[in-house]
Amino acid sequence: MKKPRVLICDDNEATHQILSVYLEAEGMRHYSVFNGQTALKKAESENYDLIVLDVMMPGLTGTEVCREIRKFSEVPIIMLTGKGEEIDRILGLELGADDYVLKPFSPREVVVRIKRIIKRLEVQKVTTAKKIVLDNLSIDLDRYEVKIAGDKIELTPKELEILYFLVENQGQVFSREQLLDKIWGYDYFGDTRAVDTQIKRLRKKLSQGDHLFEIKSVYGVGYKFELQS
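Residues numbered from 1 in each chain as written. Predicted model: local features only at pLDDT ≥ 70, side-chain atom pairs only at ≥ 80, totals over all residues. Heavy atoms only, no water.

Q: Would you mind showing me how to read the overall build of the protein here?
A: Scanning the protein from terminus to terminus reveals 8 helices and 12 strands. Taken over 229 residues, the protein has a buried fraction of 50%. Counted over contacts in the protein with a minimum sequence separation of 6, partners at least 24 positions apart contribute 58%. With an accessible surface of roughly 11800 Å², the protein has 49% of that area assigned to carbon and sulfur atoms. (Helix = DSSP H or I, 4+ residues; strand = E, 2+ residues; numbered from the N terminus. Buried < 20%, exposed > 50% of the residue type's maximum accessible area, 1.4 Å probe, protein only. Contact = heavy atoms within 4.5 Å. Areas by Shrake-Rupley, 256 points an atom, 1.4 Å probe, with all protein chains shown as cover.)

Q: Help me understand the pairing of strand S7 (residues 137-140) in this model?
A: Residues of S7 alternate between two faces, with Leu-137 and Ile-139 on one and Ser-138 and Asp-140 on the opposite face, all of them buried. Direction of pairing for strand S6 (residues 131-134) relative to S7: antiparallel, over a ladder of 4 bridges. Each residue of the ladder has a partner; that of Ile-132, found in S7, is Ile-139. A loop of 2 residues connects S6 with S7, the two strands running antiparallel in sequence, and Asp-135 in this loop sits at a positive phi of about 55 degrees. Bridge count between S7 and strand S8 (residues 145-148): 4 bridges; the pairing is antiparallel. Paired with Ile-139 across the two strands is Val-146, which belongs to S8. Between the end of S7 and the start of S8, which pair antiparallel, lie 4 residues, with Tyr-144 showing a positive phi angle near 50 degrees. (Pairing = 2+ DSSP bridges.)

Next up, the structure:
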């Protein structure tokens, strides 16, 4: 069985040393880079199963690297941030990161999150093709592609997964906690306000096209997808 390949990008040597011990113990291959520019080049030229990316680095920051990677790849990204401010966590998720971990962190926790994300992707690969066509909306989960009336809408992976889940369960109301569970995973420790941020950005992007559907807010409960009458 192929060993998962994990790229670690952090300007702190100690971060690489401690994570490498735990990744090796779990049978994963790890590769180290120490600045954003190198991480971006590696992501463009090599195939990785996941990237661990520090937010605060000299030169090209982790958030800038994440933004650039999302222009050509859907590789899972876990952001490391030492600041712990909500704006950093939300920003990382908006740019398409799959998860974030606050420094100082438990290396065991980081590896657990890496394993969870990789396992989820492996399960997706063995499932049948996932595509929904509703009215003039087309969502292809295998290609991570959304179109409205034939025009492609650029969404981050999390935005697309939220949209697919809501459309697949059209008319059903889901709380923020339920969406965190379904999209990020039951052991995600993030703030439920991340869901509000993703929904807000999703609505804005979907407004680019003419359509007869909407993501509605249900006061005091959560969100649902429904066709307009």
